[in-house]
Each structure stands twice: as structure tokens, then as C-alpha cells.
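# Fold and contact review
Below are the chains, spelled out letter by letter.
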Amino acid sequence: MTVEQVWGRPAIAELRDRLATAAGPYEMLTLLEEELMRRLCETAGLGLVRHTSSVIAATSGAVAIGDLSVAAGVSSTHLAQRFKELIGVTPKRLARTYRFAATVFAINPAGPIDWGDLAGGAGYFDQAHFGHEFRAFTGLTPTRYVEVRRRFLREHPGHVLDGWPLPAD
């Protein structure tokens, strides 16, 4: 898709004329930046999505989406629609992703793992819910994931991915 298809031919022609009369590259970049910022500010629901996604990030996804829509004064359907339009996923999917990532980063494969504490600390309803989410994101059970990760760390000591939470194979 071209910019002309998104913004329309008249808008592009007007911007092209303004850029052609600019005094130099710096002024051209300034004009382009101003146009992009103006269009960004006009995006319906952008403030709502920014605020809500920042709360999701700050809580590592451990927040009820219903509470976020109530606090924002919009329906959960409206919130989900704005998210899908602007970032491609629903707020619930974003929260699930943040929560799962925070949980995986909390796993220390070198020591014993209390799966119940890990699941509870991450805000999962119970260990079964945690296991289901884990399989949905990785295709592995939590126990199998740790086995694969431990094997990788044994077979590749000092690897650049040594500190990363995901196995490389």
C-alpha cells in the first residue's frame, strides 16, 4: 500500500508542493515530521490505546482488562476494536503476552522451580491455567521447556543466548 492510497492524492500533492518549496533538507524533514505528528494526533483512539497499553506494560500484564475499560469510560468491545485497529491485537492478547514474558524471565533454570509459586506470582488463576498458557505460547509444557533450556545451556556454555529465557533449538 502506498502513502497516496492511505492519505489520498490531494493530501500527497499538497505535501509534495510544500516539500518542493522547502529551503533545504532540514526544513523538508521538519515539514515531514510535522505532517506525521499531525496525522498521528488525529488517529482516533490513539490516546486510549497508549494509556491502556502503558498500564498493561507497567503491570506486566497482570491487570483485568474489564477494569481498564471501566477506568477509561469505554466498553470492552470499543477498547478491543481500537487495539485491533491500531496495534493488531486485543488488549487481552497484549496482557497475556506481557504476563507470559515476565513469567518466563522469572524462571531460573539453574535451580529448583516451584511452579505453583511462579504461576501465582504471575497472576495466573492456578497452575493448570499457567500450563495451558505456557503450551499456547511455546508448544511445550513448563517442565519440558526447562529440560530443553537446561540441555541447551549444558551443550552451549557461554553462548550469546545463555542469559535469554528461551531455548535456541
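Residues numbered from 1 in each chain as written. Predicted model: local features only at pLDDT ≥ 70, side-chain atom pairs only at ≥ 80, totals over all residues. Heavy atoms only, no water.

### Quick word on the nonpolar core
Heads up, the condition is: We call a set of buried residues a nonpolar core when its members are Ala, Val, Leu, Ile, Met, Phe, Trp, Tyr or Cys and they connect through side-chain atoms within 4.5 Å of each other. Buried means the residue's accessible area, taken with a 1.4 Å probe over protein chains only, is under 20% of the maximum for its type, while exposed means over 50%, and partly exposed covers the values in between. Strands are runs of DSSP state E lasting at least 2 residues, helices are runs of H or I lasting at least 4, and numbering of each runs from the N terminus. Any two residues whose heavy atoms approach within 4.5 Å are treated as being in contact.
Formed by F100, V104, I107, W115, L118, A119, A122, Y124, F130, F134, Y145 and V146, the largest nonpolar core amounts to 12 residues. Sorting the residues of this core by element identifies α7 (91-106), α8 (115-121), α9 (127-138) and α10 (142-155) as the ones contributing at least two each. When residues in this core are grouped by element, the largest group, 3 residues, is from α8. Residues contacting I107, with those up to four places away along its chain left out, are I113, W115, L118, F134, Y145, V146 and R149. Within the second largest apolar cluster, 9 residues are counted, among which are V49, I56, I65 and F83.

### Structural notes on the pattern of salt bridges
The criterion, for reference: Salt bridge criterion: a side-chain nitrogen from Lys or Arg within 4 Å of a carboxyl oxygen from Asp or Glu.
For the structure on display, the rule yields 9 salt bridges. With a shortest N-O distance of 3.4 Å, E4 and R9 are connected by a salt bridge. Residue classification places R9 among the exposed positions, given a relative accessible area of 59%. R38 is the partner of E35 in a salt bridge, and the nearest nitrogen-oxygen pair spans 2.7 Å. Here E35 pairs with R38, and both are found in helix α3 (residues 25-41), just 3 residues apart, close to one helical turn. A residue is classified by how much of its surface remains accessible, and E35, at 6% relative accessible area, is buried. Salt bridges sharing partners connect three or more residues here, namely E14, R18, E35, R38 and R39.

### Some words on the packing of helix α4 (residues 46-58) against helix α5 (residues 65-72)
To keep it simple, the criterion reads: Between N-to-C directions, angles cover 0 to 180 degrees, with each direction set by a line fitted to C-alpha atoms, over the stretch in contact for helices. Should an angle lie under 35 degrees it is considered roughly parallel, over 145 roughly antiparallel, and from 65 to 115 roughly perpendicular; all remaining angles are considered oblique. Left-handed describes a crossing in which the near helix is turned anticlockwise from the far one by less than a right angle; the clockwise case is right-handed. When residue character is reported, Ala, Val, Leu, Ile, Met, Phe, Trp, Tyr, Cys and Pro are called nonpolar, Asp, Glu, Lys and Arg charged, and the others, Gly included, polar.
Contact geometry of α4 with α5 gives a least axis separation of 11 Å together with a crossing angle of 140 degrees. By the angle between their axes, α4 is oblique relative to α5. Seen from above, α4 lies across α5 with right-handed handedness. Listed contacts from α5 to L48, T52, V55 and I56 of α4 are I65, L68 and A72. Class assignment for the residues of the contact of α4 with α5 results in 6 nonpolar, 1 polar and no charged.

### What about the packing of aromatic side chains?
To be explicit about the condition: Each Phe, Tyr or Trp ring, with Trp reduced to its six-membered ring, pairs with another whose centre is within 6.5 Å; inter-plane angles below 30 degrees give stacked pairs, above 60 give edge-to-face pairs, and intermediate values give tilted ones. The criterion is that NZ of a Lys, or CZ of an Arg, lies within 6 Å of the ring centre and within 35 degrees of the ring normal, and then a charge sits over that ring.
If you walk through the whole model with that rule in mind, you get 6 aromatic pairs. When the ring of F100 is compared with that of F134, the centres are 5.2 Å apart and the planes differ by 70 degrees; the resulting orientation is edge-to-face. Of this pair, F100 sits in helix α7 while F134 sits in helix α9; the two residues are 34 residues apart in sequence, bridging distant segments of the chain. You can call F100 buried: its relative accessible area is 7%. Given the relative accessible area of 0%, F134 is considered buried. Taken together, the ring pairs in this structure connect F100, W115, Y124, F130, F134, F137 and Y145 into an aromatic cluster. Residue placement shows R39 over the ring face of W7; its charged tip is 4.1 Å from the ring centre. The side chain of R99 reaches across the aromatic face of Y124, ending 4.3 Å from its centre.

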